[in-house]
Amino acid sequence: MVEKADQIFVTLLHWLVGFLPTGWQHLASVVVCVVVIIAVYPTLFALAVLLERKGLGRMQNRYGPNRVGPFGILQPVADGIKSLTKEDVVPFRADALVHFMAPLVLVVAVFMGFAVLPMGRNMELVDMDASLLFFFAMGASTELSVFMAGWSSRNKYSLLGAMRAIAQMISYEVILLLSSVAVVMITGSLSLVKIVEAQNHYTWGLPHWFVLTPWGLMGFVLFVIASTAETNRSPFDLPEGESEIIAGYFTEYSGFKFALFFLGEYVGMFGIAGFGTTLFLGGWSAPLSVLTWVPSWIWFFGKVLLWICFFIWLRGTLPRLRQDQLMNFAWKFALPLTLLNLIVAALWHFMGAGVVTWLVCFAILAIAYVLMARTGLKRGKIGPRSYRYAE
Amino acid sequence: MLGEGILKGLAETAKNFAGSYVSKERLTTVQYPEERVAPFEAARVFPFLVYDGEDWEAGLRCVACQICEKECPPKCIYIEKSKEKKPDYVGKLQIYPARFDIDVSVCMSCQICVEVCPFEAIKMNTEFELATDDRFGGLLLDRQKLAHSNEYYHSIHPTEASEVDARLAEEKAKAEAKAKAAAEAAAAKAAAAKAAAEAKPATPAAEAKPAAPASTTESKSPSPAAKPTEGEK
């Protein structure tokens, strides 16, 4: 029974493609999986937008949307209809083809990432050996669409937004990558399925999630920060800083193209949340050994939603950074810590897991964190800026 | 310590989030069409014409002096004077507005018409739901739509209305006293004239003029130049 609930989607898929001749079955299963992914994540996107608007409202002491349907749950439907019926304006001087392609490239790239994410036990579309690499490749190609959008709009705000986005995404891509390299070092595999398997053990009822190790914790924190920047979320939402550059690279997009950008942004958020969950939070594995009877896909989507909620919480809390703070933080604080984290991961690997190793590794990272934060704050590099003449 | 402020901020927003479900103070939004806040006494949105008594047409305080029309900065008041006269609150015969229109879409709620009116005839309303689906006719309010009773004025601006009433009563009393004095003087004059007619030496009677009317006949200008566009034909 437990096994059945866990594998319900896999069984369903096998049953469905069983109607076809053997030669067609593989292709059919891939198509069905793609359709399901393309259906599930936009639904989740609608849910997340509603959650974000309601949650942000509550954090700012107001109701969110509460007019469309009971408690405003039909608000995403209304938004969808609105964006579909709006006029699609293309600037006169814009590069029409590139302008048209940019949202498509973004959506395609973010959806490609889901091909390798294990969303439950045996629930991955492709079990690639280098799926981690594939995910990063797809994540990096969203930058292309951002630049296409900014460049083709022939609008200074779009271009500024695109430049900011590219600078930010490339800077934080390094941290994102290096913080997950630690995981690869420990598991010895680039396959996301194997990474989840490596975390799916329990000692005293507790899981072997990488976030519970010192290097994993540090990697996780850095990964969260970098993923916030990668998805252009607050406090790293400079590329679309409304107060300065209107909407950044999608200033000149309206109607459904804008909706596609919006969708791409959120689906990219799910992608990176699912990826981070897979790397550090044990993917689809249960948080306690007594809870392993709960279907694995519930755990995966639960963790992703929790991650999204944290993003929303962060957005409701933090103000936007300045460009120099953003860059200083990435290169002068986060990057050295990530590199140190790699060394600690290596130390962990060679010392062998144990209480002493745990303490040593934790101490190294904690001391480094405190020292770097102290000196950085003192020099005004990562903390509040000190003015020489203005004060 | 780096990151401490972020945690504090997160705690603060979490407190707001959770608190908004339990504490009314953290969620002060009024769900407007269903819930309403009673309008403030000092609120002023759009002018209305005050009338005394039951009949709005007979009781209008306005005497069509056109001061408000001239003072109105965006020129949104259109007045046409009547041909005949009717008695005002003091009992004196005055002309009245045959037409008194205010264009809502032009009015900027500056209250200058209220401040210049010497007859306490135009006051500010607190009614703010003036939206209409009729773009022209619906936004040009005629005198019937503008007319509201003095009781209504009392209900929306109690303090101010009481002051106005006291002032008007005082003026009325003064006018009555003056009229009485004039009547007495006239009687005395008549008596004196009678006495003079009887006895030759003339005694000059005290000259008493009735109260001077306000500047109702000053303006000789015809109906306003700018005519509002009438509703769709």
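Treat the numbers as computed from the prediction; the structure is a model and nothing was measured.

**Student:** I keep staring at the overall build of chain B and nothing clicks. Help me out?
**Tutor:** When you go through chain B residue by residue, the secondary structure sums to seven helices and six strands. Going from the N terminus to the C terminus, chain B shows its helices and strands as α-β-α-α-β-β-α-β-β-α-β-α-α. Out of the 233 residues in chain B, the part that is buried amounts to 20%. Looking at chain B alone, contacts between residues at least 24 apart form 70% of all its contacts between residues at least 6 apart.

**Student:** Whenever I open this one, the sheet that holds strand β5 (residues 140–141) of chain B confuses me. Can you help?
**Tutor:** For sheets, the rule is that strands pair by backbone hydrogen bonds, running either parallel or antiparallel. Residues and elements named next belong to chain B. Strand order in this open sheet of three strands is β2-β3-β5, and the pairing throughout is antiparallel. Because the sheet does not close on itself, it has two edges, and the strands there are β2 (77–87) and β5. Alignment of strand β3 (residues 93–103) against β5, held across two bridges, turns out to be antiparallel. Within β5, the residue paired with Asp103 across the bridge is Leu140.

**Student:** Sorry if this is basic, but what is going on with the nonpolar core here?
**Tutor:** The nonpolar side chains of soluble globular proteins are, as a tendency, buried together. Counting 86 residues, the largest nonpolar core has Ile175, Leu222, Ala226, Val267, Ile308 and Ala334 of chain A as the members making the most contacts within it. Here Leu222 of chain A is in contact with Ile175, Ser179, Ala334, Leu337 and Thr338 of chain A, once residues within four sequence places are set aside. Grouped together as the second largest cluster of nonpolar side chains are 30 residues, Cys62, Ile79, Ala121 and Ala147 of chain B included.

**Student:** I keep staring at the interface of chain A and chain B and nothing clicks. Help me out?
**Tutor:** One frequently used descriptor of interface size is the decrease in accessible area upon assembly of the parts. Contacts between the two partners involve twelve residues from chain A, matched on the other side by 13 residues from chain B. Of all the elements in the fold, those that place two or more residues in the side of chain A that touches chain B are α3 (22–59), α12 (296–317) and α14 (355–378) of chain A.

**Student:** I would appreciate a short explanation of the packing of helix α9 (residues 214–230) of chain A against helix α11 (residues 255–280) of chain A in the present structure.
**Tutor:** Helices that pack against each other are described as a pair by the angle of their axes relative to one another and the distance between those axes. Residues and elements named next belong to chain A. Running from N to C, α9 and α11 point in directions that differ by 175 degrees, and their axes come no closer than 11 Å. Compared by their axis directions, α9 and α11 come out roughly antiparallel. Every residue of α11 that contacts α9 at Gly216, Gly219, Phe220, Phe223, Val224, Ser227 and Glu230 is listed here: Ile272, Gly276, Leu279 and Phe280. Split by residue class, the contact of α9 with α11 holds six nonpolar, four polar and one charged.

**Student:** Would you mind going over the pairing of strand β1 (residues 46–51) of chain B with me for this structure?
**Tutor:** Within a regular beta strand, the side chains point alternately toward one face of the sheet and then the other, so they alternate between its two faces. All names here are of chain B. Most of β1 is tucked away: five of the six residues are buried. When β1 meets strand β4 (residues 122–125), the two strands line up antiparallel, connected through four bridges. Counterpart to Phe46 in the pairing with β4 is Asn125. In the sheet, β1 pairs with strand β6 (residues 147–149) via three bridges, with the strands oriented parallel. Pairing of Val50 across the sheet is with His148, part of β6.

**Student:** Explanation requested: the sheet that holds β6 of chain B in the structure shown.
**Tutor:** All names here are of chain B. Taken together, three strands build an open sheet; the order of strands is β4-β1-β6 and the sheet is mixed. Two strands bound the open sheet, and with one partner strand each, they are β4 and β6. Pairs of neighbouring strands in the sheet enclose a mean axial angle of 55 degrees, with direction left out of account.

**Student:** Could you clarify how one ought to interpret the environment of Phe114 of chain A in this entry?
**Tutor:** All names here are of chain A. Take Phe114: it is sitting in the loop between α5 (96–112) and α6 (131–152). Of the residues examined, Phe114 has 23 C-beta atoms within 10 Å and is grouped as buried. Placed 86 residues apart in sequence, Phe114 and Asn200 show a C-alpha to C-alpha distance of 21 Å. Sequence-distant contacts of Phe114, defined by excluding residues within four places in its chain, comprise Ile37, Tyr41 and Gly271.

**Student:** Would you mind showing me how to read unusual backbone geometry here?
**Tutor:** Apart from glycine, the bulk of residues carry a negative phi angle, and the bulk of peptide bonds sit in the trans form. The step from Ser234 of chain A to Pro235 of chain A runs through a cis peptide bond, and the omega angle for that step is 5 degrees. On the secondary structure map, Pro235 of chain A appears in the loop between α9 and α10 (242–245). The phi dihedral of Asn122 of chain A is positive, around 60 degrees, even though this residue is not glycine. Structurally, Asn122 of chain A is set in the loop between α5 and α6. Non-glycine residue Lys75 of chain B carries a positive phi angle of around 55 degrees. Tracing the backbone shows Lys75 of chain B in the loop between α3 (67–71) and β2. Residue classification places Lys75 of chain B among the partly exposed residues on the basis of 14 C-beta atoms within 10 Å.

**Student:** Please clarify how the environment of Arg233 of chain A should be interpreted in this entry.
**Tutor:** All names here are of chain A. Mapped onto the elements of the fold, Arg233 is located in the loop between α9 and α10. Given 21 C-beta atoms within a 10 Å radius, Arg233 is considered buried. Remark: the alpha-carbon pair of Arg233 and Phe311, spanning 78 residues in sequence, is separated by 7.7 Å. Setting aside anything within four residues of it in sequence, one finds Arg233 in contact with Thr228, Met269, Phe311 and Arg315.

Reading the values: the criteria
- Starting afresh in each chain, residues are numbered from 1 along the sequence in its written order.
- Labels follow written order: the first chain is A, the first ligand is 1, and so on.
- Totals for whole chains, interfaces and linings use every residue, but because this is a predicted model, local features are given only for residues with pLDDT of at least 70 and side-chain atom pairs only at 80 or more, for both listing and counting.
- We count a stretch as a helix when DSSP gives it H or I for four or more residues in a row; a strand needs E for two or more, and each element gets its number in order from the N terminus.
- Around each residue's C-beta, the other C-beta atoms within 10 Å are counted; 20 or more make the residue buried, 12 or fewer make it exposed, and counts in between make it partly exposed. All C-beta atoms are placed from the backbone.
- What counts as a contact is two residues whose backbone-derived C-beta atoms lie within 7 Å of each other.
- Two strands qualify as a pair provided that DSSP identifies no fewer than 2 bridges between them.
- Put simply, a nonpolar core is buried Ala, Val, Leu, Ile, Met, Phe, Trp, Tyr and Cys residues tied into one set by C-beta atoms within 7 Å.
- Interaxial angle, 0 to 180 degrees, is taken between N-to-C directions of lines fitted to C-alpha atoms, where a helix line uses only the stretch in contact.
- By definition in this entry, angles of less than 35 degrees are roughly parallel, angles greater than 145 are roughly antiparallel, angles of 65 to 115 are roughly perpendicular, and the rest are oblique.
- In this classification, the charged set is Asp, Glu, Lys and Arg, the nonpolar set is Ala, Val, Leu, Ile, Met, Phe, Trp, Tyr, Cys and Pro, and all remaining amino acids, among them Gly, are polar.

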